[in-house]
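Inside the fold
Single-letter residue listing:
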Amino acid sequence: MSFPRAAATILRVIRFEVLHQSGRARTGRLETTHGAVETPVFMPVGTKAAVKSLLPSQLEVAGVEMILSNTYHLALRPGEELVAKMGGLHRFMAWPRPILTDSGGYQVFSLARLRKVNDEGVEFQSHLDGSLVSLTPERAVEIQRRLGADVIMPLDEPAPWPCDGARVEKAMQRTHAWLTRCKRAWAGDGPQALFGIVQGGMDARLRRASAEAVCAHDLPGYAIGGLSLGEPAELLYEITDVTAALLPVNKPRYLMGVGTPADIARSVALGIDMFDCVLPTRLGRNGWAFTSEGMIKIRNAEWKEDARPVDPNCSCPCCAAFSRAYLRHCFNVDEIVGLAMLSLHNIHYYVGLMRRLRAAIREGTLEDVVRQESQRCPPLTGRREEELAPRE
Ligand SMILES: [Zn+2]
């Protein structure tokens, strides 16, 4: 395992190249100081500097090329100072490949008890001990600079869903003003790439205005934020469709927090290059597996004496070793190897999906994969996801 140190001598910032196009979908290559990534890419979520229950070596064998970690959680515990002292996030969590950190905006607005939100920034009470913490655009960039991820995100204000139009517009305007300050703090003089985040809720008019304002900054990449908040799948696709069409073709496009295999396949067809989502690991820990024959719930009695692997068409370490009967037993008696193995299998499923999507773009058969994934796993938006796997 090697950890490139003198980043500035290797690459000053990421480089992105589109390799194949099919309709609006494309394959590409994203180069960072910690290696190259083939796009469309799925980034497993390592919220607190760990992809829950999985080792970096298991992720590498699965073919994971990039992961996401969480600024809000790491800033609160153990603190970015400690991570920096330990050699930065890659070294700290022993993940030598690319990392993206989010800005913490989403977590501040969804997890913390807000004390004050104004144009200057956000003041909130930590969900851990109630202590008062403030986050400004400049501070969000500074924390992420110390963590040392390859791609960093600006502080933004995602509007909840549903939400009235005036509030969505105000959050969008604030997101734009904060982006200007984040860009100034970032300065673009290091190896980290700052992406812009397009907001604007479920309003196509606001999404257009936001895409225009954000893309005017000529940043290394662009994200679509404020989706996958429980809205119906058709609305998610509609807003992704409108927004993705407005983003520059020569920059990576990242759809934040989305989604199911079907959501990802549909969004790849709309020209999205990067994804992150907690579903494969969260659902794995809750006993659900994505398979080539649809989703299965491992606790179901029907698997009690079933010697088959979770997915007969999968060659992951879980499917190579364990039967459904054994994994069901592990969940019944709280043996953690069960939840670790289902998480690992689901990560293999997602990585395999991205591989199939890239091949389908090259071969012009993307519609087949989109149809197949929609049949295997129905949209899990809104309350249904919460029922499947309550948030910790
Ligand atoms: Zn498997």
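As a reminder, the structure under discussion sits directly above these lines.
Residues numbered from 1 in each chain as written. Predicted model: local features only at pLDDT ≥ 70, side-chain atom pairs only at ≥ 80, totals over all residues.

Overview of the nonpolar core
Selection criterion: Think of a nonpolar core as buried Ala, Val, Leu, Ile, Met, Phe, Trp, Tyr and Cys residues chained together by C-beta atoms that fall within 7 Å. Working definition of burial: number of other C-beta atoms within 10 Å of the residue's own, with buried at 20 or more, exposed at 12 or fewer, and partly exposed in between, all C-beta atoms being placed from the backbone. Helix and strand labels come from DSSP, where a helix needs a run of H or I of at least four residues and a strand needs a run of E of at least two; each type is numbered from the N terminus. Note that the domain bounds reflect an automated or database-derived domain assignment. The contact criterion used is a C-beta to C-beta distance within 7 Å, with each C-beta placed from the backbone.
Counting residues in each nonpolar core, the largest one holds 107 residues, and the members touching the most others are M43, F195, A223 and F275. Per element, the largest residue contribution to this core is 14 residues, and it comes from helix α15 (residues 336-363). Inspection of this core shows a minimum of three residues originating in each of domain 1 (16-278) and domain 2 (284-380). Ignoring any residue separated from it by four or fewer positions in sequence, one finds M43 in contact with M66, I67, L68, L100, M274, F275 and D276. The next biggest cluster of nonpolar side chains, apart from the first, holds five residues, and it includes A159, A171, M172 and L206.

Observations concerning the sheet that holds strand β15 (residues 274-276)
Rule in force here: At least two bridges found by DSSP between two strands are what make those strands a pair.
With parallel pairing, nine strands are arranged side by side in an open sheet as β4-β15-β14-β13-β12-β11-β7-β6-β5. The open sheet is flanked by β4 (41-43) and β5 (45-46), the only strands paired with a single partner.

Topic: the pairing of strand β17 (residues 294-297)
Inspection of the sheet shows strand β16 (residues 288-291) paired to β17 by four bridges, in the antiparallel sense. The partner of F290 across the bridge, within β17, is M295. Counting the residues in the hairpin turn of β16 and β17 gives two residues.

What about helix α8 (residues 165-186)?
To keep it simple, the criterion reads: What a helix should span is 1.5 Å times the count of its residues minus one.
Here α8 contains 22 residues, and its C-alpha end-to-end distance of 31 Å stays within 8% of the 32 Å for a straight helix at 1.5 Å per residue. By the burial criterion, the buried members of α8 are V168, A171, M172, R174, T175, H176, W178, L179, C182 and W186. Phi for A187, located one or two positions after α8, is positive at around 70°.

Let's talk about unusual backbone geometry
Cis geometry marks the peptide bond from T39 to P40; its omega dihedral reads 0°. Tracing the backbone through its elements, the reader meets P40 in the loop between β3 (35-39) and β4. Here W161 and P162 are connected by a cis peptide whose omega angle stands at -5°. A positive phi angle is found at S53, which is not glycine, with a value near 75°. Position of S53 among the secondary structure elements: in the loop between β5 and α2 (56-62). For S53, a count of 18 C-beta atoms within 10 Å puts it in the partly exposed group. Residue D334 is not a glycine yet carries a positive backbone phi of 60°. Judged by the 8 C-beta atoms lying within 10 Å of it, D334 is exposed.

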